Amino acid sequence: MVIITDALRAIQKSRKRFISLLLLVMLAVAFLSGLRTTSPDMKYTASKYYEEQKLMDIRLISTLGFMEEDLEKVSSYEGVLWAEGSRQTDLQIDNLVVSVFSMPEKVNLLYLKEGRLPSKNGECVIDSLLVDDLGLKVGDVITLNDPDNDEEEDTDSDSDKDADSKKDTEDDDEILEDEITDNDDEILEDDEIAEDDDEIVEEIDVDTDIELASTSLNDYTYTIVGIADSPLYVSVDRGTSSVGTGTISAFIYVPESEFDWDYYTAIYLILDKTQDMEAYTSEYEDYTKDFAKSMEDFADGLVKSRYDYLHDKAQDNLDEAKDKLKDAQDDIDEAQKEIDDAQKEVDDNQAQIDDANSQLSDARKELESAKEAYSSMIGSAYYPQAQFDEMQNEIDEKQAEIDDAQEEIDKAQKEIDDAKEEVEDGKLEIADAQDKIDDAQKDIDDMDTGKSYVLSRSANTGYMSYKQDAEKMGDLANVFPVIFYLVAALSCLTSMTRMVEDHRGEIGALKALGYGYSMISIKYIGYAFLASFTGGIIGLIWGNILLPILCFEAWKGQYTLPDFQIVLQPKIYLFSVGIAVLAVTGTAYLSSRVELQARPATLMRPRAPKAGKRVFLEKIGFIWNRLKFTSKVSYRNLFRYKQRFWMTVIGIAGCTALLVVGLGLYDSLYTVIDKQFVDVTHYDAYLDVDSDAEDSQIEAIDKMIEDSTIVADHMAIFTDSPSYAFGEDNPIGTYLIAVKDYDAFANFVSIAHRNESDKVTIPKGTADKAGARLKALFTEKLADINGLKKGDVVEITMSDDTVISIEVADIVENYVYNYIYMDFDDLDAITEDNLQNNRFIIRYTDNATDKQIDDLSSSLVAMDGSSSYTRINSVVDRFRDSLSAVNVAVGIIIVAAAALAFIVLYNLTNINISERVRELATLKVLGFTDKETTNYIYRENTVMTLVGLLFGLVAGKYLLVWLMSTVENNYMMFGRSVSLRSYLLAAGLTAGFSLFVNIIAHFSIQKIDMVESLKSVE
Amino acid sequence: MDNSYIRFENVVKQYNMGEVPIKAVDGADFTIDKGKFTIIVGPSGAGKTTVLNMLGGMDVCTSGTIVVDDVLVSDFNRRQLTMYRRYDIGFVFQFYNLIQNLTAKENVELAAQICKDPMDALEALDIVGLSHRVNNFPAQLSGGEQQRVAIARAIAKNPKILLCDEPTGALDYVTGKQILKILQDMARKKGITVVVITHNSAICPMADRVIHIRNGKADKIDENPHPTDIEDIEW
């Protein structure tokens, strides 16, 4: 076909046009499909990983643990394919907190990076993070701190108790040995009481142990046999713990046999139906979410039975102890009785002795008086000396007998007194034991009924943050390519229109020769199709490989995932290439159609030149009259070729806007961290306090912070994360903060309007009784997403289900998370809850070292009543990491925008020149120098570039604001301001491209043959 | 002949179309006198446009010499050629080549503003009889009027040579005659050297000198001591 030959030659003849069309389409397709597929690719890569590592679908946890039979029940729950129990405890390696897990069998399999899995006790696999943190390698030995030796306070008091009771027993033994008389039975029984007491104490201890979960392992020293990643932790976040610094640094897996526990800490489920589902799809997320919800009652039941079991066990133990105590009481009572009897006997004996004594003294008296009587009868022949002696002897003997008896009684009395004392001790001990039993009973009665959680993967930090990050890329892909396509399509339209116009005469000739519409238009459509299709395919190939990999590599620093996988996404391929081909070919068809409608005769006649027109500027005589003709022509031209003017302006504006958005994204993302953590908040760490901490414990914590030399300032505040606020949306990252002393709080958080330096104070005394409406400050993002303005009233359900009504007093600057600031006393008044400050915010001195800070935080976390410690630095680092990955995307956008700007400008300038070849040639013939001729074009280009720039800068600003609101999540507000530097850079880049293109144009103009001016108008 | 105002001496212009050199002008020799009306005539492809290009400073010759007013134009470089076009040549195109966005007056001024000693634009338009349409845009003018503007634009520069390329080619008979009349008057009354290039040999009698170009050579040079008035020529 001659016409095809003609079409192919057309390509050859207009290489520049063809290539610029091709490049435009290539860029647009690469950009769109590249960014579009990044998010699915990222998700697919993760999904494959989860599938291979058998990441759990549902995680069941209970504060009380699960029993073996629970696992069986869960396994047979409908829809569950496989359930596996897992044991886990948090321990420390020096100051580093690690989560120690039992090796999984079929769920959450480890992804070995090095070495092998542990095969016997004493071996472990470690987190690759630990390799970075401690520089460990396979073959090294790690030692975990044994909590039994580690928690010194507890251990000390335990051994003291042991020592005491041992001493008691020894004392008892001595008494036992001393005892020779008939009272020994009683004392033996006393001893039994003491033993009972000990037992009671021990049993109560055992009860508490069960509740707190034994953390002991069989080994604390392990040889590293492998290094692995866990699908449970794809992000670097390892969670928080009540141990050590409060932040878990890594995980370790040890053989299950290391755990001699009768309970599981968690049960992991893999569901039947999810086997054919991809992670992160809405199908999967909906199903697991619903499944988790449906399982809640069941899980509550498990916890209830676990509670009953623990409660009954504790109660049984206590009842046993109570019985023993009762026995002891009986024994003591009996002993008391026996002592009383003995006392009575002794008393009787004493009376007898006393009788004997008095008889004896009577006898002695008798003897004395007899002796006297005889001695007064002097000379009496008969002095019964012998008889007297005998009597005396008898009396002495008796006396001795009585003395012996007395001594024996005294001894008995003493023994009785000792026994009494012992019984008294026993009674005291029993009283103590009774107290303890009462306490234990109270503990049992108050025993935590336990809570169960049925968590789908969406509760897994790594899983979720990866999803959000992947979707962030998707959001970028939704907005940017649209602008990109628009600009590219406009440029193509201009090109194609121009091409068809160029070929007017030819079209006329073909028509005159009898060619039909379709035959003629096929040339232009074919041309456009070839350019767009080739460009689209090339763009598809490198865009789909380069962009996702670039983005993924950027994210890789934060996620432990295997190599990137590109998933075929024909829909996106078809869509992006299809749209491009359609747009370009469509414009070709449309523009050729217009010309084809005309009659051949009209077509073959030169097109009537477009009439010149006066422009408004001419009415301002003093300006117009001063202009040179070339300027006048330029201005008139600008308004004369309106289509070209707007094409160029929109093209340039689009590119400038893209650049502004790209650079502005960078600005906004990067500044947000400094803005939040330098300008808005001024504290370095916060320590959360247990909800049931006692006043004395809080005071102790306060004192410890107060006394620390590295703390510059601290303050206690009340914070709550509402369980329900603002409709269906999960109020993620929304916190309520109530402060007693605003002035003090202002040292930690600068509350102000954005872009204004004034301070906004928290309203005080706005509510005084229960249910009253409280006035509070809302942070900007929170107000934004809920459409709140000053004076609006919202109801918020606090975590304890109290519903409070809050009026928006003002809206203040904030970037990360959402806060509602209010007065403590006001909140206290309306909730009638007797609120207690539950968070300490701390600012360290400038010269505090990391070590000092870690030490302090470790001690703080170890305090009774403290719950978790968070250092702002780690939060900042996390944000910074996550943003640095977004920056790669921003970089891609900037480069793409720059390339687009260049191609569009080049294309438009080329068209501008080719449209005006005749005019330019005429000028040359008239004797205009090359420079003057180029300037003639430049002036127009400059004006168009400037107008485009201006539009672009403004549009970019608005585009950025809009983009930001789609890209940022519910708990982050990015900056909305573009720095002057970025504006200048965007403008400079565009102007630079424009200049560069103009330089190229200069050479094209130089090459214009003056003979062109002699040709007829085509 | 040596003192002629314009001299073409053995001028050759060779184009290399692929491997075959084509001589568009192959040793053209002729002279044109100052203040005279000269017509260069020849059939299509004879090389008259190439002659015009070289004379107008739009192209350079391969060999030979071109002298205008005792200046060796054939030795000019790019810049000098531009200045030559600027100051010495007034060009009238077949298709007028007016700047569509400038009014008649402005189109004239456009050329005038780059000259050293231009004629007043209104005066130039008056000369071509268009003083009543000075503020009209080209699109508002008829073809003849547009060509008159083009002539006004050319003469406003006070050029040494008024070079006209088929000035009536796009015009009807009557209008064409009017234009030729103006050109003839330029030579007769203003003393401008007018060179008209045409394929229409019918108008030859109106010229002082007719140069016939054929096969790249000045085939025949006719002198007309008494040129006919254009009104008297019919074709």
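Please read all numbers here as calculations on a predicted model, not as lab measurements.

**What about the pairing of strand β6 (residues 123–127) of chain A?**
Residues and elements named next belong to chain A. Most of β6 sits inside the fold, with five of its five residues counted as buried. With five bridges connecting them, β6 and strand β8 (residues 221–229) associate as parallel partners. Paired with Glu123 across the bridge in β8 is Thr223.

**A look at the packing of aromatic side chains**
Residues and elements named next belong to chain A. This structure, assessed with the given rule, holds 31 aromatic pairs over all chains. With 6.2 Å between their ring centres and 50° between their planes, Tyr49 and Tyr50 make a pair best called tilted. Take Tyr50: its relative accessible area is 1%, and that puts it in the buried class. For the ring pair Tyr77 and Phe298, a centre distance of 4.6 Å and an interplane angle of 45° mean the geometry is tilted. With a gap of 221 residues between them, Tyr77 in the loop between α3 (68–75) and β2 (80–86) and Phe298 in helix α9 (residues 296–376) connect regions that are remote in the sequence. Given a relative accessible area of 19%, Tyr77 falls into the buried group. Positioned over the ring face of Trp82 is Lys106, at 3.9 Å from the centre of the ring. Above the plane of the ring of Tyr686 lies Arg839, whose end atom (NZ or CZ) is 3.9 Å from the centre.

**Description of the domain arrangement of chain A**
Residue and element names in this part refer to chain A. Taken as a whole, chain A is organised into domain 1 (641–680 + 871–1018) and domain 2 (711–844). A C-alpha centroid distance of 43 Å is found between domain 1 and domain 2. Taken together, the contacts link 17 residues of domain 1 with 16 residues of domain 2. Between domain 1 and domain 2 lies a buried interface of about 1,600 Å² when both sides are counted; carbon and sulfur atoms form 60% of it. Summed over the shared surface of domain 1 and domain 2, the result is four residue pairs in polar contact (both at pLDDT 80 or more). Looking at the side of domain 1 that touches domain 2 residue by residue, the class counts come to eight nonpolar, five polar and four charged.

**Looking at the packing of helix α2 (residues 15–53) of chain A against helix α11 (residues 461–502) of chain A**
Angle between the axes and distance between the axes: these two values describe a pair of packed helices. Residues and elements named next belong to chain A. Their axes nearest at 8 Å, the elements α2 and α11 cross at an angle of 165°. What the angle tells us is that α2 and α11 run roughly antiparallel. Between α2 and α11 lies a crossing whose hand is left-handed. Of the residues belonging to the contact of α2 with α11, the class tally is 25 nonpolar, six polar and seven charged.

**Re the side chain of Thr45(A)**
Residue and element names in this part refer to chain A. Along the chain, Thr45 turns up in helix α2. Judged by relative accessible area, Thr45 falls into the buried class, the value being 1%. Looking at Thr45, its side chain comes within polar contact range of the main-chain nitrogen of Gln565, at 3.0 Å. Apart from residues no more than four positions distant in its own chain, Thr45 is found in contact with Phe552, Pro562, Asp563, Phe564 and Gln565.

**Some thoughts on the sheet that holds strand β4 (residues 63–68) of chain B**
Residue and element names in this part refer to chain B. Across the sheet, which stays open at both edges, the four strands sit in the order β2-β1-β4-β5 with antiparallel pairing between neighbours. Bordering the open sheet on either side are β2 (20–32) and β5 (71–72), each of which pairs with just one other strand. Pairing geometry for strand β1 (residues 6–17) and β4, over five bridges, is antiparallel. Directly across from Val12, in β4, lies its bridge partner Ser63.

**A closer look at the side chain of Thr870(A)**
Residues and elements named next belong to chain A. With respect to the secondary-structure elements, Thr870 resides in strand β21 (residues 866–871). According to the relative accessible area criterion, Thr870 is buried, its value standing at 16%. In this structure Thr870 touches Asp684, Ala685, Tyr686 and Val875, once residues within four positions along its chain are discounted.

**Here's the deal with the nonpolar core**
In this structure, Leu665(A), Phe745(A), Ile751(A) and Tyr821(A) are the most contacted members of the largest nonpolar core, which totals 170 residues. Considering every element that reaches this core, the biggest residue donor is helix α24 (residues 872–915) of chain A, with 21 residues. For this core, the domains that each give at least three residues are domain 1 (641–680 + 871–1018) and domain 2 (711–844) of chain A. Judged by nonpolar contacts, the second largest core, of 42 residues, contains Val41(B), Leu141(B), Leu183(B) and Val196(B).

**Let's talk about the sheet that holds strand β1 (residues 58–66) of chain A**
Residue and element names in this part refer to chain A. With respect to topology, four strands assemble into an open sheet ordered β2-β10-β1-β11, the strand pairing being antiparallel. The sheet terminates laterally at β2 and β11 (452–456), the two strands that pair on one side only. For this sheet the average axis-to-axis angle between neighbouring strands, irrespective of direction, equals 20°. Bridge analysis of β1 against strand β10 (residues 264–271) gives five bridges, and the strand direction is antiparallel. Bridging across to β10, Phe66 finds its partner in Tyr264. The sheet contacts of α3 involve β1, β2 and β10, and relative to β2 the element is tilted by about 160°.

Reading guide: rules and limits
- Here, residues in each chain are numbered from 1, in the same order as that chain's written sequence.
- Chain letters start at A and ligand numbers start at 1, both assigned in the order the entries are written.
- Selection of residues for local features in this predicted model requires a pLDDT of at least 70, selection of side-chain atom pairs for listing and counting requires 80 or more, and totals for whole chains, interfaces and linings are taken over all residues.
- To get the side-chain values, all heavy atoms of the structure are used, and hydrogens and water are removed first.
- Accessibility here uses a 1.4 Å probe with only protein chains present; expressed as a share of the type maximum, an area under 20% marks a residue as buried, one over 50% as exposed, and anything in between as partly exposed.
- Working definition: helices are DSSP H or I runs of at least four residues, strands are E runs of at least two. Numbering for both runs from the N terminus.
- Strand pairing follows a simple DSSP-based rule, namely that at least 2 bridges must link the two strands.
- In this scheme Phe, Tyr and Trp rings, the latter by its six-membered ring, pair at centre separations within 6.5 Å, and the angle between planes marks the pair as stacked below 30 degrees, edge-to-face above 60, and tilted otherwise.
- Ring-over charges, as used throughout, are those where CZ of Arg or NZ of Lys falls within 6 Å of the ring centre and within 35 degrees of the ring normal.
- For the domains described, the bounds stem from an automatic or database domain assignment.
- Any two residues having at least one pair of non-hydrogen atoms within 4.5 Å are treated as being in contact.
- Buried surface area refers to the total accessible area, computed with a probe of radius 1.4 Å, that the two partners give up upon joining, counted for both partners together.
- Here a polar contact means two N or O atoms within 3.5 Å. Within protein one must be a hydrogen donor candidate and the other an acceptor candidate, and residues neighboring in sequence count only if both atoms are side-chain atoms.
- Three classes are used, and their members are as follows: Ala, Val, Leu, Ile, Met, Phe, Trp, Tyr, Cys and Pro are nonpolar, Asp, Glu, Lys and Arg are charged, and the others, Gly among them, are polar.
- In this analysis, axes come from line fits to C-alpha atoms, helices being fitted only over the stretch in contact, and the angle between any two N-to-C directions falls in the range 0 to 180 degrees.
- Roughly parallel means an angle under 35 degrees; roughly antiparallel, over 145; roughly perpendicular, 65 to 115; everything else is oblique.
- For any pair of crossing helices, the crossing counts as left-handed if the nearer helix is rotated counterclockwise from the farther one by less than a right angle, and right-handed if it is rotated clockwise.
- Note on terminology: a nonpolar core comprises buried Ala, Val, Leu, Ile, Met, Phe, Trp, Tyr and Cys residues joined through side-chain atoms within 4.5 Å.

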